[in-house]
Amino acid sequence: MTTDTRVGPPHFGTERDTLRAFLDYHRATLAMKCEGLTDEELRQRSMAPSTLSLLGLVRHMAEVERAWFRRVFEDHDAPMVWSDEVDFQAAYDASASTRAEAFTAWEAEVETSRRIEREAASLDVAGHQPRWGEDVSLRMVMVHVLLEYGRHNGHADFLREGVDGTVGA
């Protein structure tokens, strides 16, 4: 991996600024885990029968961003990126995907999410989560997506170690 250029979250700040900064930090972490790898290396799976790969995580997080920002606050019927149904698992199979395809989709969803968050009057703005049939606050969505990144960045650590050949070293 290259030099760590991520900007850490503030030690003091408003709730919104802190959530925004932590989300961006974790987004940058996922991108950093993928730096310098070929498409083939990004598609390298953890172990059979899992289809989990770094590229699959990028695709999955594009789905997460879309499902939790775009579908909740703008378009409840927006199709998922890689499945005709709301199937987050479909994104994990990146066997025919490329860095360009996955990162273009993920970066577009991240920008949409950032725009939706910036335009919201407060963290108390409510949106409708169509999968649950319930309203949720922007605050809840930001925390949920932050936790998703934290969880999957842990997987990315393991996957990157496997690609670099440092597991067990």
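Residues numbered from 1 in each chain as written. Predicted model: local features only at pLDDT ≥ 70, side-chain atom pairs only at ≥ 80, totals over all residues. Heavy atoms only, no water.

Identification of the chain as DinB family protein from Streptomyces tabacisoli is taken from an unreviewed UniProt entry.

Caption draft 1: Representation of the packing of helix α1 (residues 15-34) against helix α3 (residues 54-73). The geometry of α1 relative to α3 is characterised by a closest axis approach of 9 Å and an angle of 155 degrees between their N-to-C directions. When the axis of α1 is compared with that of α3, the two are roughly antiparallel. Here α1 runs over α3; the crossing is left-handed. Mapping the contact onto sequence places L23, R27, L30, K33 and C34 in α1 and L54, L57, V58, M61, E65 and F69 in α3. Per-class residue counts for the contact of α1 with α3 are 8 nonpolar, no polar and 3 charged. (Axes fitted to C-alpha atoms, helices over the stretch in contact; angles between N-to-C directions. Helix = DSSP H or I, 4+ residues; strand = E, 2+ residues; numbered from the N terminus. Parallel < 35°, antiparallel > 145°, perpendicular 65-115°, else oblique. Left-handed = near helix turned anticlockwise from the far one by under 90°. Contact = heavy atoms within 4.5 Å. Nonpolar A, V, L, I, M, F, W, Y, C, P; charged D, E, K, R; others polar.)

Caption draft 2: Representation of the pattern of salt bridges. Evaluation of the coordinates by the stated rule reveals 16 salt bridges. Between R70 and E109 there is a salt bridge whose closest N-O contact spans 3.1 Å. Of this pair, R70 sits in helix α3 while E109 sits in helix α4 (residues 99-119); the two residues are 39 residues apart in sequence, bridging distant segments of the chain. (Salt bridge = Lys/Arg side-chain N within 4 Å of Asp/Glu carboxyl O.)

Caption draft 3: Local environment of the packing of aromatic side chains. Applying the stated criterion to the full structure yields 2 aromatic pairs. Measuring from centroid to centroid gives 5.2 Å for W68 and W132, while their planes differ by 75 degrees, and the two rings are edge-to-face. A residue pair is termed long-range when its members are at least 10 positions apart, and W68 in helix α3 and W132 in the loop between β1 (126-129) and β2 (134-137) qualify at 64 residues. Taking relative accessible area as the criterion, W132 reaches 41% and is therefore assigned partly exposed. Relative to W106, the ring of F103 lies with its centre 5.6 Å away and its plane at 90 degrees, an arrangement referred to as edge-to-face. (Phe/Tyr/Trp six-rings, centres within 6.5 Å; stacked < 30°, edge-to-face > 60°. Buried < 20%, exposed > 50% of the residue type's maximum accessible area, 1.4 Å probe, protein only.)

Caption draft 4: A look at empty space enclosed by the protein. If you walk through the whole model with that rule in mind, you get 1 cavity of 30 Å³ or more. The calculated volume of the largest cavity comes to roughly 60 Å³. As for the largest cavity, its lining consists of R20, L23, D24, R27, F69, S113, R114, E117 and M142. Within the residue set of the lining of the largest cavity, elements represented by two or more residues are α1 and α4. Counting residues per element, the lining of the largest cavity draws most heavily on α1, which supplies 4 residues. Its residues assigned to classes, the lining of the largest cavity shows 3 nonpolar, 1 polar and 5 charged. (1 Å grid on protein atoms, 1.4 Å probe; cavity = no way out; pocket = protein on both sides within 12 Å on 5 of 7 lines; lining within 4 Å. Points joined across faces, edges and corners; volume = space filled by probe spheres on them.)

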